[in-house]
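# Reading the structure
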Amino acid sequence: MRIVIVGGGKLGYHLAQNMLDRDYEVELIEKDKLKCMNLANALDAEVIFGDGTAIEVLAAANTHKADCFIAVTGSDQDNLVASQLAKKRFKVEKVITRANNPHNLEALRKLGIENAVSSTEIITRLIEQEVESAQIRLLASLNKGRAAICEIVVPKDAKINGVCLKDIELPKSSLIISILRDENLIIPQGDTNIYSGDEVVAVCDGHSQKELMKILSEEE
């Protein structure tokens, strides 16, 4: 997997190191020259000196080849601009944006950045999610990133289609809190059935997120 990261601060550095440890290809963009030199010495990755909101700099980082683009500078405005360029100009499918101010999360999402988050652990999990039959969206991070509220769309041929919630063995650290069906909000009970197309909102910790996604999205 090829990752482009904009922002070489503490978060950008740790994300880059995490991805390199997983044998991903990483290109890191940083506009502070001294910081850029230090990162180049510390990381086994290509570190590019420049402004991540500039098209030519993003092009130099081969953003058009990226499987995932992550903007984690200290400026929410720069993160938004870089992410929009990656998404619209360079057609990157998975774009993740850091919100330094949690109050900006909703604004970023309304501006088209669905994966706007504020936690290192959550960002790492979003990078590694390989969602084919289901769609998953992070709504909020909880307890400093140790847990999350997620929205999962149940796919067409899901095994759980028509199954009662009480008959679905969910991960211990997860709870389904609402279902949106045909624009109708349902607060689920044990005898509530889950159907394909349902938008399921759940709260879960970091360890159970992938397991919950697999249960709700596994096809027959």
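Residues numbered from 1 in each chain as written. Predicted model: local features only at pLDDT ≥ 70, side-chain atom pairs only at ≥ 80, totals over all residues. Heavy atoms only, no water.

## Considering the sheet that holds strand β2 (residues 25-30)
- Strand order in the open sheet formed by six strands is β3-β2-β1-β4-β5-β6, and the pairing between neighbours is parallel. Bordering the open sheet on either side are β3 (46-49) and β6 (115-117), each of which pairs with just one other strand. Strand-to-strand twist across the sheet, computed as the mean angle between neighbouring axes with direction ignored, equals 15°.
- Note that β2 and β3 share four bridges and pair parallel. When the bridges of β3 are listed, L28 appears paired with V47.
- Contacts from helix α2 (residues 33-42) reach β2 and β3, with the element oriented near 170° to β3.
- Where helix α4 (residues 76-89) meets the sheet, it contacts β4 (68-71) and β5 (94-98), and its direction lies at approximately 175° from that of β5. (Pairing = 2+ DSSP bridges. Helix = DSSP H or I, 4+ residues; strand = E, 2+ residues; numbered from the N terminus. Axes fitted to C-alpha atoms, helices over the stretch in contact; angles between N-to-C directions. Contact = heavy atoms within 4.5 Å.)

## Quick word on the pattern of salt bridges
- Summed over the entire model, instances satisfying the criterion amount to five salt bridges.
- R181 is the partner of D198 in a salt bridge, and the nearest nitrogen-oxygen pair spans 2.8 Å. Separated by 17 residues along the polypeptide, D198 in the loop between β12 (193-194) and β13 (199-205) and R181 in strand β10 (residues 174-181) bring together distant segments of the chain.
- R181 gets classed as partly exposed once you look at its relative accessible area, which sits at 21%. (Salt bridge = Lys/Arg side-chain N within 4 Å of Asp/Glu carboxyl O. Buried < 20%, exposed > 50% of the residue type's maximum accessible area, 1.4 Å probe, protein only.)

## A short note on the side chain of D198
- When its relative accessible area of 1% is taken as the criterion, D198 is described as buried.
- Among the polar contacts listed, one links the side chain of D198 to the backbone nitrogen of Y195, at a separation of 2.8 Å.
- What D198 contacts, discounting residues up to four positions off in sequence, is I152, V153, V154, I179, L180, R181 and N193. (Polar contact = N/O pair within 3.5 Å; in protein donor to acceptor, adjacent residues only side chain to side chain.)

## A closer look at the environment of E219
- In this structure, E219 sits in the segment after α7 (209-217).
- Its relative accessible area of 37% is what places E219 among the partly exposed residues.
- Separated by 65 residues in sequence, E219 and V154 have C-alpha atoms that sit 9.5 Å apart.

## Looking at the confidence of the model for the protein
- For the protein, mean pLDDT is 85; residues scoring 70 or higher make up 87% of the total.
- Contacts for the low-pLDDT stretch residues 130-134, under 50 throughout, to residues beyond four places or in other chains number nine contacts. (pLDDT = per-residue confidence, 0-100.)

## Considerations on the nonpolar core
- If you look at the biggest cluster of nonpolar residues, it comprises 20 residues, and the most contacted ones within it are I3, I5, L15, V26, L43, I70 and V72.
- Elements with a minimum of two residues in this core: β1 (2-6), α1 (10-21), β2, α2 and β4.
- Tallying contributions element by element places α1 first for this core, with five residues. (Core = buried A, V, L, I, M, F, W, Y, C linked by side-chain atoms within 4.5 Å.)

## Quick notes on the pairing of β1
- Most of β1 sits inside the fold, with five of its five residues counted as buried.
- Alternating residues of β1 divide into R2, V4 and V6 and I3 and I5, and every residue in both groups is buried.
- Relative to β2, β1 runs parallel, the two sharing five bridges. Within β2, the position partnered with V4 by the bridge is E27.
- Handedness of the β-α-β unit built from β1, α1 and β2 comes out right-handed.
- Relative to β4, β1 is paired through four bridges, and the arrangement is parallel. Pairing of V4 across the sheet is with F69, part of β4. (Right-handed = clockwise from strand over helix to strand, strands pointing away.)

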